[in-house]
Amino acid sequence: MTEHVADSHDLIRVVGARENNLKDISVEIPKRRLTAFTGVSGSGKSSLVFSTIAAESQRLINETYSAFLQGFMANQARPDVDVLDGLTTAIIVDQERMGANPRSTVGTATDANAMLRILFSRLAKPPAGPPTAYSFNVPRRVATGSMVAEKGAGVKQVVREAVYAGGMCARCEGMGSVTDFDLTALYDETKSLNEGALTIPGYSMEGWYGRIFRGAGYFNPDKPIKKYTKKELHDLLYREPTKIKVEGINLTYSGLIPSIQKSFLSKDVDAMQPHIRAFVERAVTFTTCPDCDGTRLSQEALASKISGKNIADLCAMQISDLAAWIRKLKEPSVKPLLNALGDTLDSFVSIGLGYLSLDRPAGSLSGGEAQRTKMIRHLGSSLTDVTYVFDEPSIGLHPHDIQRMNELLLQLRDKGNTVLVVEHKPEMIAIADHVIDLGPAAGSEGGEVVFEGTVEKLRASDTITGRHLDDRASLKSEVRERNGVLEVRGASTHNLQNVDVDVPLGVLAVVTGVAGSGKSSLIHGSIADREGVVTVDQSAIKGSRRSNPATYTGMLEPIRKAFAKENGVKPALFSANSEGACPACNGAGVIYTDLGVMATFEATCEECGGKRFQAAVLEYTLGGRNIAEVLEMPVAEAVAFFADGDAKVPAAHKILDRLADVGLGYLKVGQPLTTLSGGERQRLKLATQMADKGEVYILDEPTTGLHLADVDNLLGLLDRLVDSGKSVIVIEHHQAVMAHADWIIDLGPGAGHDGGKVVFEGTPAALVKAAKTLTGKHLKEYVADH
């Protein structure tokens, strides 16, 4: 039988990809297979998979929508690639934290809450109303009005009351907590508004706020706030949004507290900029709402129950327990709904998230948990011939959980989908049908395809990944002795079961256990807030495309001052965000042209040639280099440049040394933060926070995004930190880090309410010898392979 021509399109073909550091590469990716993309951090994996293949697939799909709809969507430029053939619909399952909306929970982010609400609207007694009556995001609304009904020759007027049932608690507006404001943190009562009384970030009397406060006419802006009448103070603080006219312009005046609630408190605290978060933590106290007891729901919704449980009780249950409870309900009238809800909850359990609850805020999930939560909606999908793109799905997973993740990826592939995985873990690379290895190194020394083929051929290849694929760390023959302990007594944060443990000081201590066993709860809940403790976690670096390693680390400040001193001019000239910026592109280096519903066009600025500075500024030099040339230097070159001679800048050299220490020597000093991979951002953060005056360092999964070859460098860095007199506590699943530890604290035995206990304390050798816990068994297998 001859093959149909339609069946011949079994490859995704990429020709001439040049995004970020990719060097005009071409690859062919087999469809309906699992392809792993490997290579050192910064070698170009994400640039090929996310910025080229997935980005173009999504851009082409967006183009199928009407121009009207496209006007409401984010514009995407075409990736810098010559040919992309054979693309299918791409579904990206990445590590981005889930939403910064405090109303978003695990239940609302998946379909579980929606199905539960329908279930309660059908079965609960006493009934509260339709599904919206069980939603904490929908307020109860009452509308009254009259209708005119014409009947024959007569007219009859009818007064009606319509009630829109919502389940939102009226007091906390569905937030679960009420806020109390410390008014002394909002203003200085001894000053008037015109004297700068307001201490709220962004509330300056110089701009629009000044015009609104002066034009509203509710109070005298020259009068000290402590002399305000009750009405004036109420208008300043609490007045609801009111339309006003200032200098002929229609504006809205709102009291300070409604404004803060709308602009600051509607966002997740962790997603705020540092100075705003500091203000909120100083000015606002959050307490559990007394009316709903933190459930967010109205009394009507809470009174409505199925088998003695209301919807809040079910959402607070551990998902594995909730799945069992749902399976016990035998109601033929809602059987399809119960089956669908049961399958969704079972997916949580099968993916290793059975320890979560549906009322867990989505913003509190780790990157790995968020990624697996997003997978839930795809596991039961009937779609086939789709391209699923995963960014390090092994993140946050214990070796015990990685096996389950592998099964899920293969399940997606076996349904007829193309699965693309960016990954470093050998256990996940091993299941790939095809491997594309990028390198040979990182940054400007990467961006090339150094290997394509099977895992067996990769092992035999001479690439960095091939040489390190079978690397195994061995247990240390001698471990360091502790010089003290941090005592933790009666820890009960989240699922911890009254834990007592001594965390040793002066050594490398590793805290491990399956995902959800209570590691982060123990360390972040009981140790992170103590004096002298520096925490380097996985939260994202917030920065625009103008931000770069030089601005983020504070290194640019001493460099600008050195340039200014050498040339006898102002430091502001050497900032692309200030006086030295090219006037044509405002220091961006590129000109953006908005083409309406089409993708925004980006072109290198002709006036500065992409260098971001005015021509006159580039005539000033330090050690023979101008500021643009300094920002183009790789960190490794800049370390030597600022070490001595005419360009000696000790403050910058110290920071550059730390960047090289964490393996970022290949990064350009002025490279935009938006082009960095997840692993690079975390190490940049580590380098910055290593400067903090701390005695104890907590690192949360520092191997995230690290290639096998880079793990040795990280272990060397941890050793140097400990040998310099610091105490290092690492939350980690990577067996190489466990084997290198001086002391291991293993939590478990399982996740959620099956965890929360210390199941082992001791040296790695003792853990391997006992091999009683899940971690012990996997570590024993790992070192046995050595």
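Summary of the structure given here. Since this is a predicted model, take the numbers as computed values, not measurements.

About the cut-offs
- Residues numbered from 1 in each chain as written.
- Predicted model: local features only at pLDDT ≥ 70, side-chain atom pairs only at ≥ 80, totals over all residues.
- Heavy atoms only, no water.
- Salt bridge = Lys/Arg side-chain N within 4 Å of Asp/Glu carboxyl O.
- Helix = DSSP H or I, 4+ residues; strand = E, 2+ residues; numbered from the N terminus.
- Buried < 20%, exposed > 50% of the residue type's maximum accessible area, 1.4 Å probe, protein only.
- Pairing = 2+ DSSP bridges.
- Axes fitted to C-alpha atoms, helices over the stretch in contact; angles between N-to-C directions.
- Contact = heavy atoms within 4.5 Å.
- Patch = residues over 30% accessible without salt bridge, like charges linked within 9 Å, V, L, I, M, F, W, Y side chains within 5 Å.
- Areas by Shrake-Rupley, 256 points an atom, 1.4 Å probe, with all protein chains shown as cover.
- Polar contact = N/O pair within 3.5 Å; in protein donor to acceptor, adjacent residues only side chain to side chain.
- Core = buried A, V, L, I, M, F, W, Y, C linked by side-chain atoms within 4.5 Å.
- Parallel < 35°, antiparallel > 145°, perpendicular 65-115°, else oblique.
- Left-handed = near helix turned anticlockwise from the far one by under 90°.
- Nonpolar A, V, L, I, M, F, W, Y, C, P; charged D, E, K, R; others polar.
- Phe/Tyr/Trp six-rings, centres within 6.5 Å; stacked < 30°, edge-to-face > 60°.

### Some remarks on the pattern of salt bridges
Inference 1: Counting across every chain of the model gives 33 salt bridges.
Inference 2: Here arginine 18 ties to aspartate 82 by a salt bridge, and the two come within 2.9 Å at their closest N and O atoms. Of this pair, arginine 18 sits in the loop between β1 (11-17) and β2 (25-30) while aspartate 82 sits in strand β4 (residues 81-85), and the two are 64 residues apart along the sequence.
Inference 3: The salt bridge involving glutamate 448 is made with lysine 23; its shortest N-O contact spans 3.8 Å. Taken together, the positions of glutamate 448 in strand β15 (residues 448-453) and lysine 23 in the loop between β1 and β2 put the pair 425 residues apart, joining distant regions of the chain.
Inference 4: For glutamate 448, a relative accessible area of 35% puts it in the partly exposed group.
Inference 5: Through salt bridges with shared partners, a single network forms among Lys476, Arg480, Asp719, Asp723 and Asp742.

### Observations regarding the sheet that holds strand β14 (residues 434-439)
Inference 1: Ordered by their spatial adjacency, six strands build an open sheet running β5-β12-β13-β3-β14-β15, and the pairing between neighbours is mixed. What marks the edges here is a single partner per strand, and that holds for β5 (90-93) and β15. Strand-to-strand twist in this sheet, taken as the mean axis angle between neighbours without regard to direction, amounts to 20 degrees.
Inference 2: For strand β3 (residues 34-38) and strand β13 (residues 418-422), the ladder comprises four bridges, and the chain directions are parallel. Considered in β13, the bridge of threonine 35 is made with leucine 420.
Inference 3: The sheet strands contacting helix α14 (residues 399-414) are β3, β12 (387-391) and β13, and the helix crosses β13 at an angle near 145 degrees.

### Topic: a nonpolar patch on the surface
Inference 1: A surface patch of nonpolar side chains, about 480 Å² in accessible area, is lined by Tyr65, Phe68, Leu69 and Phe72.
Inference 2: In this fold, tyrosine 65 is placed in the loop between α1 (45-62) and α2 (67-70).

### Overview of the sheet that holds strand β23 (residues 727-731)
Strand-to-strand pairing in sheets goes through backbone hydrogen bonds, with the strands running parallel or antiparallel.
Inference 1: Within the open sheet, the six strands sit side by side as β19-β22-β23-β18-β24-β25. Their pairing is mixed. At either margin of the open sheet sits one strand with a lone partner, and together these are β19 (533-536) and β25 (757-762). Strand after strand, the sheet turns through a mean of 15 degrees between neighbouring axes, direction not considered.
Inference 2: In terms of strand pairing, strand β18 (residues 508-513) meets strand β24 (residues 743-748) through five bridges, oriented parallel. Within β24, the residue paired with alanine 509 across the bridge is tryptophan 743.
Inference 3: Contacts from helix α25 (residues 708-723) reach β18, β22 (696-700) and β23 within the one sheet, and its direction differs from that of β23 by about 145 degrees.

### What to know about the environment of serine 575
Inference 1: Residue placement: serine 575 occurs in the loop between α20 (556-567) and β20 (590-593).
Inference 2: C-alpha separation for the pair serine 575 and proline 290, spaced 285 residues apart in sequence, amounts to 51 Å.
Inference 3: Here the side chain of serine 575 touches asparagine 577 through a polar contact of 3.1 Å, landing on its backbone nitrogen.

### Thoughts on the environment of glutamate 161
Inference 1: Along the polypeptide, glutamate 161 turns up in strand β7 (residues 154-164).
Inference 2: Among the residues examined, glutamate 161 registers a relative accessible area of 57% and is labelled exposed.
Inference 3: As for glutamate 161 and lysine 328, which are separated by 167 residues in sequence, their C-alpha atoms are 40 Å apart.
Inference 4: In this structure glutamate 161 touches Val142, Ala143 and Thr144, once residues within four positions along its chain are discounted.

### A few points about the nonpolar core
Inference 1: Core analysis: the biggest nonpolar cluster contains 73 residues, and Ile627, Phe642, Leu656 and Leu779 have the highest contact counts within it.
Inference 2: Looking at this core, the element that brings in the most residues is α25, giving seven residues.
Inference 3: For phenylalanine 642, the contacting residues outside a window of four places in its chain are Ile559, Leu622, Val630, Ala647, Lys648, Val649, His653 and Leu656.
Inference 4: With 69 residues, the next largest nonpolar core counts Val106, Phe120, Leu345 and Leu353 among its residues.

### Remarks on the packing of helix α4 (residues 112-123) against helix α12 (residues 335-350)
Angle between the axes and distance between the axes: these two values describe a pair of packed helices.
Inference 1: Across the interface, α4 lies against α12 with an axial gap of 10 Å and an inter-helix angle of 150 degrees. Classed by the angle they form, the pair α4 and α12 counts as roughly antiparallel. Taken as a pair, α4 and α12 cross one another with a handedness that is left-handed. Of the residues in α12, those touching α4 at Ala112, Met115, Leu116, Ile118 and Leu119 are Leu337, Leu338, Ala340, Leu341 and Thr344.
Inference 2: Partitioned by chemical class, the residues of the contact of α4 with α12 number nine nonpolar, one polar and no charged.

### Remarks on the packing of aromatic side chains
Inference 1: Inspection of the entire model under this criterion finds 12 aromatic pairs.
Inference 2: For the pair tyrosine 209 and phenylalanine 213, a centre-to-centre distance of 6.4 Å together with 25 degrees between the ring planes defines the contact as stacked. Of this pair, tyrosine 209 and phenylalanine 213 both sit in helix α5 (residues 208-216), four residues apart, which is roughly one turn of that helix.
Inference 3: With centroids separated by 5.9 Å and ring planes inclined at 75 degrees, the aromatic side chains of phenylalanine 213 and tyrosine 253 adopt a geometry described as edge-to-face. Of this pair, phenylalanine 213 sits in helix α5 while tyrosine 253 sits in strand β10 (residues 249-253), and the two are 40 residues apart along the sequence. Just as phenylalanine 213 is buried, tyrosine 253 falls in that class too.
Inference 4: An aromatic cluster of three or more residues is present, and its members are Tyr203, Tyr209, Phe213, Tyr218, Phe219, Tyr228 and Tyr253.

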